[in-house]
Amino acid sequence: MNRDNRLGTNKKHKILFVCLGNICRSPAAEGIFRAIVERNGAHDGFETDSAGTYSGHRGDLPDRRMRRAAAARGYELTHRARPVETDDFFDFDLIIVMDDNNFTDLIHMAPSVETSRKIKRMSDYFSRHSLDYVPDPYYMGTDGFELVLDLLEDACRNLYASLEDELHGK
């Protein structure tokens, strides 16, 4: 595989969603984005995964509260938590982080300037919200999980649209 692949040069868009523990925000983003891709019949054009900057939840399912809130909206979250690895910077075209701490952590982990350019903030894709990050709902209660899902649905729709536009030269 060409280790210098850039977004738009692969047949598939390969996207990695990243948060701290990979049990709330990033697996939800992965599940929402996959659902959008499936609804649009574009599963052959995308590969998605999620990971965390912290490895303490390795192998765990997403937080039960996030799974419950996501299921109520029709999303099934079955991903098992894993930490970000160096190969992720080469294997994925786009690495989407949930907050500035994730961004900084990944910038420090990136093996090169070129690979660090793949790191983007999820908030860059918000169109209906004024927050500049996706908050961690872990200590926020039920309303926090609902807010995060609202933010991720908005951002994932816009991310998908931007990638489709890029693919079609718009």
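Quantities reported herein were computed from a predicted structural model and do not represent experimental measurements.

### A closer look at the overall build of the chain
Here comes step 1: Looking only at helices and strands, one finds 6 helices and 4 strands in the chain.
Here comes step 2: Its C-alpha atoms give the chain a radius of gyration of 15 Å, within 12% of the compact-globule value 15 Å for 170 residues.
Here comes step 3: On the principal axes, the C-alpha backbone points of the chain span a range of 40 × 35 × 30 Å.
Here comes step 4: Residue burial in the chain is summarised as follows: out of 170 residues, 50% are buried.
Here comes step 5: Summed over its atoms, the accessible surface of the chain is roughly 8500 Å², and 45% of this surface lies on carbon and sulfur atoms.

### Let's talk about the pairing of strand β1 (residues 13-19)
Here comes step 1: Counting buried positions over the 7 residues of β1 gives 7, a clear majority of the element.
Here comes step 2: Residues H13, I15, F17 and C19 point to one face of β1 and K14, L16 and V18 to the other, with burial holding for every one of them.
Here comes step 3: Note that β1 and strand β2 (residues 46-52) share 7 bridges and pair parallel. Looking at β2, one finds that L16 is bridged to D49.

### Overview of the packing of aromatic side chains
Here comes step 1: Applying the stated criterion to the full structure yields 5 aromatic pairs.
Here comes step 2: Relative to Y160, the ring of F46 lies with its centre 5.5 Å away and its plane at 40°, an arrangement referred to as tilted. With a gap of 114 residues between them, F46 in strand β2 and Y160 in helix α6 (residues 142-167) connect regions that are remote in the sequence. Residue F46 shares its accessibility class with Y160, and that shared class is buried.
Here comes step 3: Looking at R65, its charged tip hangs above the ring of Y138, at a distance of 5.0 Å from the centre.
Here comes step 4: Above the ring of F103, the side-chain terminus of R121 is found at 3.7 Å from the ring centroid.

### Some details on the state of the cysteines
Here comes step 1: Per the stated rule, a full pass over the model turns up 0 disulfides.
Here comes step 2: The structure places no disulfide on C19, whose sulfur is separated from the nearest cysteine sulfur, that of C24, by 6.8 Å.
Here comes step 3: No disulfide involves C156; its sulfur sits 13 Å from the nearest other cysteine sulfur, which is in C19.
Here comes step 4: Residue classification places C156 among the buried residues on the basis of a relative accessible area of 0%.

### A short note on helix α4 (residues 100-109)
Here comes step 1: Those residues of α4 not exposed but buried are N102, F103 and L106. For α4, the angular spread of the buried residues around the axis is 100°, confining them to a single face. More than 90 degrees from the buried face of α4, the exposed residues found are N101 and H108.
Here comes step 2: Each element contacted by the buried residues of α4 is listed here: β1, α1 (25-39), α3 (86-91), β3 (94-97) and β4 (119-121).
Here comes step 3: The opening residue of α4, the one whose side-chain oxygen lies 3.0 Å from the backbone nitrogen of N101, is D99.

Cut-offs applied
Residues numbered from 1 in each chain as written. Predicted model: local features only at pLDDT ≥ 70, side-chain atom pairs only at ≥ 80, totals over all residues. Heavy atoms only, no water. Helix = DSSP H or I, 4+ residues; strand = E, 2+ residues; numbered from the N terminus. Rg over C-alpha atoms; globule rule 2.2 N^0.38 Å. Buried < 20%, exposed > 50% of the residue type's maximum accessible area, 1.4 Å probe, protein only. Areas by Shrake-Rupley, 256 points an atom, 1.4 Å probe, with all protein chains shown as cover. Pairing = 2+ DSSP bridges. Phe/Tyr/Trp six-rings, centres within 6.5 Å; stacked < 30°, edge-to-face > 60°. Lys NZ or Arg CZ within 6 Å of the ring centre and 35° of its normal. Disulfide = S-S within 2.5 Å. Arc of directions from axis to C-beta. Contact = heavy atoms within 4.5 Å. Polar contact = N/O pair within 3.5 Å; in protein donor to acceptor, adjacent residues only side chain to side chain.

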